[in-house]
Amino acid sequence: MAHPAQHGHHEHHDHDGHDHAGHHRAHAGGGAGWRTAAQATLHCLTGCAIGEILGMVLGTAFGLHNGATVVLSILLAFVFGYALTMRGVLKAGLEVGAAVKVALAADTVSILVMELIDNTVMVTVPGAMDAGLGDLLFWVALAGSLALAFVLTVPVNRWMIGRGRGHAVVHAYHGH
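This is a predicted model, so every value here is computed, not measured.

Participant: So what about the overall build of the chain? Which residues, and what values?
Facilitator: Scanning the chain for helices and strands turns up six helices and zero strands. Traced from its N-terminal end to its C-terminal end, the chain shows the element sequence α-α-α-α-α-α. Counting every position in the chain, which comprises 176 residues, the buried fraction comes to 39%. Counting only contacts in the chain whose residues sit at least 6 apart along the sequence, the fraction spanning at least 24 positions is 67%. A total accessible area of about 9,100 Å² is found for the chain, and carbon and sulfur atoms account for 68% of it.

Participant: Describe in detail helix H5 (residues 136–161), supporting the description with residues and values.
Facilitator: With 26 residues, H5 extends 37 Å between its outermost C-alpha atoms, agreeing within 8% with the 38 Å of an ideal straight helix rising 1.5 Å per residue. At Thr153, H5 is bent by approximately 30°, the largest bend along its length, and proline Pro155 sits one to four residues beyond. Taken together, the buried positions of H5 are occupied by Phe138, Ala141, Leu142, Ser145, Leu146, Ala149, Thr153, Val154, Asn157, Met160 and Ile161.

Participant: Kindly report on the environment of Leu45, identifying the contributing residues and their values.
Facilitator: Along the chain, the position of Leu45 falls in helix H2 (residues 34–61). By relative accessible area, which is 13% here, Leu45 ends up buried.

Participant: Which residues make up the packing of H2 against helix H4 (residues 96–124), and what values go with them?
Facilitator: One way to put it is that H2 packs onto H4 with a least axis distance of 10 Å and a crossing angle of 45°. Considered as vectors, H2 and H4 are oriented oblique to each other. The hand of the H2/H4 crossing is right-handed. Facing H2, whose interface residues are Thr41, Cys44, Leu45, Cys48, Glu52 and Met56, H4 presents Ser110, Ile111, Met114, Glu115, Asp118, Asn119 and Met122. In the contact of H2 with H4, the residues fall into seven nonpolar, three polar and three charged.

Participant: Before we move on, could you go through the environment of Ala68 and cite the residues and values that matter?
Facilitator: Examined against the element boundaries, Ala68 turns out to sit in helix H3 (residues 66–91). Taking the C-alpha atoms as reference, Ala68 lies 9.5 Å from Gly55; in sequence the two are 13 residues apart.

Participant: Describe in detail the packing of aromatic side chains, supporting the description with residues and values.
Facilitator: The relation between two aromatic rings is expressed through the spacing of the ring centres and the mutual angle of the planes. The final tally for this structure, using the stated rule, is two aromatic pairs. Taken together, a centroid distance of 5.7 Å and an interplanar angle of 50° make the contact between Phe78 and Tyr82 tilted. Placement of both Phe78 and Tyr82 in helix H3 is noted, with a separation of four residues, approximately one turn of the helix. Classification of Phe78 as buried rests on a relative accessible area of 16%. With relative accessibility at 16%, the residue Tyr82 sits in the buried group.

Participant: Break down a nonpolar patch on the surface for me, with residues and values.
Facilitator: A cluster of nonpolar side chains, Leu90, Val96, Val100 and Leu104, forms an exposed patch at the surface whose accessible area comes to about 300 Å². Element by element, the count of residues in the nonpolar patch is highest for H4, at three residues. Among the secondary structure elements, Val96 is positioned in helix H4. Judged by relative accessible area, Val96 falls into the exposed class, the value being 54%.

Conventions we followed
Residues numbered from 1 in each chain as written. Predicted model: local features only at pLDDT ≥ 70, side-chain atom pairs only at ≥ 80, totals over all residues. Heavy atoms only, no water. Helix = DSSP H or I, 4+ residues; strand = E, 2+ residues; numbered from the N terminus. Buried < 20%, exposed > 50% of the residue type's maximum accessible area, 1.4 Å probe, protein only. Contact = heavy atoms within 4.5 Å. Areas by Shrake-Rupley, 256 points an atom, 1.4 Å probe, with all protein chains shown as cover. Expected span 1.5 Å × (residues − 1). Bend = angle between axes of the 7 residues up to and from the residue. Axes fitted to C-alpha atoms, helices over the stretch in contact; angles between N-to-C directions. Parallel < 35°, antiparallel > 145°, perpendicular 65-115°, else oblique. Left-handed = near helix turned anticlockwise from the far one by under 90°. Nonpolar A, V, L, I, M, F, W, Y, C, P; charged D, E, K, R; others polar. Phe/Tyr/Trp six-rings, centres within 6.5 Å; stacked < 30°, edge-to-face > 60°. Patch = residues over 30% accessible without salt bridge, like charges linked within 9 Å, V, L, I, M, F, W, Y side chains within 5 Å. Salt bridge = Lys/Arg side-chain N within 4 Å of Asp/Glu carboxyl O.

What is shown is where atoms sit, not what they do.
This is the structure in structure tokens:
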């Protein structure tokens, strides 16, 4: 059985003039570009950021230990990252079990890399984890950690998409 991202390619130009076959090749490993990788990373970052920020805010607000706050942030980043991907593929008609498998295949490495980077930054910036929600240091460190995570994860996603993995798996289910 063919991998979903390796579906047949034919030249198809929609009413909007886009070369969708070329777009599909970019996702399926036929030359993943930086733009495609940046879009996939931005999608992943959205879910990660929601979970990361929520986890940091909850951990800080409830006075959790730094380790517990980091764990909570990581768990929520995975939950929201996977949920955003699942929302799209469920909308495309996949069953829940298949949607879970697609989300796991598409986002796991990207989320892992992002979480490693942004939590490392938060833990290593002096005072960031101990700053309160009203402290500028907390928000600047968090924003900087997410921005750095984005920049360093784009090449990872480009490499994965170029091999038909990561976001390329999800793209097979996007409606055009």
